[in-house]
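Read off the chains here:
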Amino acid sequence: MSAQNRPKLAIPRTPLEWGLEGVAFLGMLGAAVLLATHWGQLPDSLPQHFDAAGNPARWGPKSTLLLIPAVMVVMHVILTAISFFPQIYNYPHPITEQ
């Protein structure tokens, strides 16, 4: 059965799912706050890659740390948006109204 033929389901969120959304939001907020509060204490150049011995193999600007909260937010938004369309998931068994 293709995704177009699957029934469109409106699955309500459980209190646990709402709680997990809150935990995810607090985690993203915490990461951003932690980065913002310590930004001035960070050196201008940070190690970005380490070799097998644990020595820095590549250095870069501290601005690359801004990618971490940005990627977290983008991934959360995408995964949350997809969760509203369960009919597009690839299920191993046919999905029916029941």
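Everything discussed here concerns the structure shown above.
Residues numbered from 1 in each chain as written. Predicted model: local features only at pLDDT ≥ 70, side-chain atom pairs only at ≥ 80, totals over all residues. Heavy atoms only, no water.

(A) Broad picture of the overall build of the protein. The number of helices and strands found in the protein is two helices and two strands. Scored against the burial criterion, the 98 residues of the protein give a buried share of 11%. Residue pairs at least 24 apart in sequence account for 50% of intrachain contacts in the protein once pairs closer than 6 positions are excluded. Put simply, the protein shows about 7700 Å² of open surface, and 71% of that area lies on carbon and sulfur atoms. (Helix = DSSP H or I, 4+ residues; strand = E, 2+ residues; numbered from the N terminus. Buried < 20%, exposed > 50% of the residue type's maximum accessible area, 1.4 Å probe, protein only. Contact = heavy atoms within 4.5 Å. Areas by Shrake-Rupley, 256 points an atom, 1.4 Å probe, with all protein chains shown as cover.)

(B) Main features of the environment of Ala24. Note that Ala24 resides in helix H1 (residues 15–38). In this structure Ala24 comes out as partly exposed when scored by relative accessible area, which is 28%.

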